[in-house]
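# A closer look at the structure
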Amino acid sequence: MRDRIIDRFNQGDLARAYDLCQEGLLGQPDDYWLKHRAVLCLIRSGALERAAKAYQDYQLETIRHDEDCLAVGARLLKALALESSGRAFARLALESAEKYADVHARTGGHYPAVNAASMYMLAGRSSDAETYARRVLYGDFDTVSDTPEQGYYRYASQAEAYLLIGDLHSARTTLREAFRQDPANYLAHATTLRQLRLLVSVLGLDSEWLAPLEPPRPAHFAGHIFGVGEAAGLVEPRQEDRLRETVDLLLARHHVGPVYGALAAGSDIVVAEAALARGCELNLILPVPVPVFLDASVRPFGEAWVSRFETCLRQAEKVVELTTDRRIASPEALNFSSLVAMGMARMRANVLATTPLQLLVADDDQAEVAPAFGTHHDSHVWTACGLDQVRVRYPGTRCAGTSQAKAGRVLEPGFRAVMRAMLFLDIAGSSSVPDDRVPHFVQSVLKPLAECCDRLAAPAVHADSWGDGMFLAFETVEQAAIAADALRQVFAAIDLRAHDLPPSVGLRIAGHFGPVHVGEDPLQKRPSLFGGQVAVAARIEAVTVPGSVFVSEAFAAALAMSSTGFRSEYVGHIRIDALMPEQRLYSLRAMARDAVVGLQVRASARSAQAI
């Protein structure tokens, strides 16, 4: 059982790992390892309130001989503190610090000592912070490092401790040594940078010394489509060569790492080739299946582009086909694809504790209003978010007929294609409600959720329910995210015990964003939503951890470009259905506008400029 739980946990299948923990506890109700792992699943999936309740119910604090069980309570408080602000932050930070200090007193461990030091500093207790920081630096800990990662964390913890006692010089040199120990472990580097940025912000110190240690920056790329030749509207070979040299220069100057975009003929392929030549990770986000995209956006501009397209495709780290639509890409589909690609770059930058860049190959754009679609549309969306952008001047002269967007064939009469942000809700464990309590369950649980939907400032444009489930659709992802958080809070406030309902009952919410078809339901004789994207949303709900909001990568990416009031944390690459490809899922959490976690994200010190 433990091996299966660890496997699912490591694969990011937190819902299945949590369910296995619950199954194990039925036969072994006193197994503290299962209890600890269940709480970890909840923390990692963003169900912090449910994790807090489980931590108390499992009485993990009483298991004095296990450092992991003791420390998970402090870790939970730290996670809650970083999402809060003001007095709530100070209170939670102090509670977390005291828990870490208590764990250190019981176990003598290095990990709880450095966390106690940092949380005391964030709580405003600098003398206590220095006390524990000095224990990290001068305590009797095992300093043997069996792996580069262990060496990294040892030096990174010491750097954090030096910072807390005010020795900035030692903090710098020790942090550089930490990065030297494990130079390619960018995720670990990012975790450290976020923590140190938060601390230097609280301490009022300069943070520019951290900029050179940032991981390579993720970038979104886009550009005008073109063919090669000497006729009007084409780009001459020597012009393409200069374009490639300029793109290569910019990738190096701005320390670009993973890149996200499409792969149309012309600019897209030139940038992708330059990125691959530099060893950058290429992530391709296409609005339609590869063969459809190839026929619409590559082949018409010359067979030479087809070969180059296929070479890039083989070397790509990830190829995402956002829909199964076999029509030629429409302007709406192209905008959807670009929005997701931009959002993915921004989310990756957040994970890596840096800021993203947009690299455009475009002619001059003086328009104040964003075009309907295309490179200049992408530019307007990106700059509206205040993000860094570099532009490479398009080397040729554009002419009509180079657009890759097509109207496509007409839909079935009575149907129209729209973009919708969808939520599926389900009450997990409702089958355990005794038959005699079902009417009360409807009134005390389902009715408050329905009333919450009625109170939304931006109500759903489509709503359905069946049994204990609900399906809601909204015009924007931000509206759907606000609704999901409101519904989660309403359910969390329901006292299940007071209503004589099983405590195992929990609300699961799943979100997805994509194109759907609106038409009349033949049975209900009213408008409804149809399509594969609806099915994706429904299947995500089945793998969501109770108490959490899980959303698709498309939903999370689109939200990253439209709202700063939420954050999406990656939970895993999960199979949601036997007949569907695996999905990268994210846990959605609302943040206070002035949440402390916002201090962990900063603008990159690397400048952005046009060439």
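For the structure itself, consult the block above.
As a starting point, this report considers the structure included with it. Residue numbers run consecutively from 1 along every chain, following the written order of its sequence. The model is predicted, so local features are restricted to residues of pLDDT at least 70 and side-chain atom pairs to those at 80 or more, both for listing and for counting; the totals for chains, interfaces and linings are taken over all residues. Side-chain metrics in this entry use all non-hydrogen atoms of the structure; hydrogen atoms and water are not considered.

What follows concerns the environment of Leu588. Here a strand is any run of E in DSSP of at least two residues, a helix any run of H or I of at least four, and the numbering for each starts at the N terminus. Position of Leu588 relative to the elements: it lies in strand β14 (residues 583–590). For the pair Leu588 and Asp485, spaced 103 residues apart in the sequence, the C-alpha separation amounts to 8.5 Å. Residue contacts are defined here by distance: any two heavy atoms, one from each residue, within 4.5 Å place the two residues in contact. Apart from residues no more than four positions distant in its own chain, Leu588 is found in contact with Ala481, Val549, Val551, Phe555, Leu559, Phe566, Arg567 and Ser568.

The rule for pairing is simple: two strands pair if DSSP sees at least two bridges between them. Spatial strand order, β4-β3-β2-β1-β5-β6: six strands in an open sheet with parallel pairing. The outermost strands of the open sheet, each flanked by one partner alone, are β4 (318–321) and β6 (388–393). Taken over all neighbouring pairs, the strand axes of this sheet differ in orientation by 20° on average, direction set aside. Here three bridges tie strand β2 (residues 256–261) to strand β3 (residues 282–286), and the two strands are oriented parallel to one another. Bridge pairing links Tyr260 to Asn283 in β3. To obtain each axis, a line is fitted to C-alpha atoms, and for helices this fit is confined to the stretch in contact; angles are then taken between N-to-C directions over 0 to 180 degrees.

In this description, a nonpolar core means a group of buried Ala, Val, Leu, Ile, Met, Phe, Trp, Tyr and Cys residues linked to one another through side-chain atoms lying within 4.5 Å. Note on exposure labels: buried denotes an accessible area under 20% of the residue type's maximum, exposed denotes more than 50%, and partly exposed covers the range between, all computed with a 1.4 Å probe on protein chains only. Counting 52 residues, the largest nonpolar core has Leu423, Ile427 and Phe555 as the members making the most contacts within it. At eight residues, the largest contribution of residues to this core is made by helix α19 (residues 477–492). Excluding residues that lie within four positions of it along the chain, Phe555 makes contacts with Ala421, Val477, Ala480, Ala481, Gly511, His512, Phe513 and Leu588. Of all hydrophobic cores here, the second largest spans 47 residues; its members include Ala74, Phe89, Ala101 and Leu196.

On to the pairing of strand β5 (residues 357–362). Of all six residues making up β5, six are buried, and the element is well covered by its neighbours. Alternating positions in β5 separate into two faces, Leu357, Leu359 and Val361 on one and Gln358, Leu360 and Ala362 on the other, with burial throughout. Note that strand β1 (residues 217–223) and β5 share five bridges and pair parallel. Bridge pairing in β5 places His220 opposite Gln358. Examined bridge by bridge, β5 and β6 share six bridges and lie parallel to one another. Opposite Gln358, over in β6, you have Gln389 as the bridge partner.

Now for the pairing of strand β7 (residues 416–428). A regular strand places its side chains on the two faces of the sheet in alternate fashion. With respect to burial, β7 is a largely interior element, 10 of its 13 residues being buried. Pairing of β7 with strand β10 (residues 506–520), which is carried by 13 bridges, proceeds in the antiparallel orientation. Bridged to Ile427 within β10 is Leu507. Bridge count for β7 against strand β9 (residues 469–474) is six bridges, and the pairing is antiparallel.

Turning next to the packing of helix α9 (residues 148–164) against helix α11 (residues 186–203). Two quantities define a packed helix pair, namely the angle between the helix axes and the distance between the axes. Between α9 and α11, the shortest axis-to-axis distance is 11 Å and the interhelical angle comes to 5°. The angle between α9 and α11 falls in the class roughly parallel. Contacts between α9 and α11 pair Tyr152, Tyr153, Ala156, Glu160, Leu163 and Leu164 from the former with Ala188, His189, Thr192, Gln195, Leu196, Leu199, Val200 and Leu203 from the latter. Amino acid classes used here: Ala, Val, Leu, Ile, Met, Phe, Trp, Tyr, Cys and Pro are nonpolar; Asp, Glu, Lys and Arg are charged; the rest, including Gly, are polar. For the contact of α9 with α11, the per-class residue count stands at 10 nonpolar, three polar and one charged. Orientation is classified from the angle alone, with under 35 degrees giving roughly parallel, over 145 giving roughly antiparallel, 65 to 115 giving roughly perpendicular, and any other angle giving oblique.

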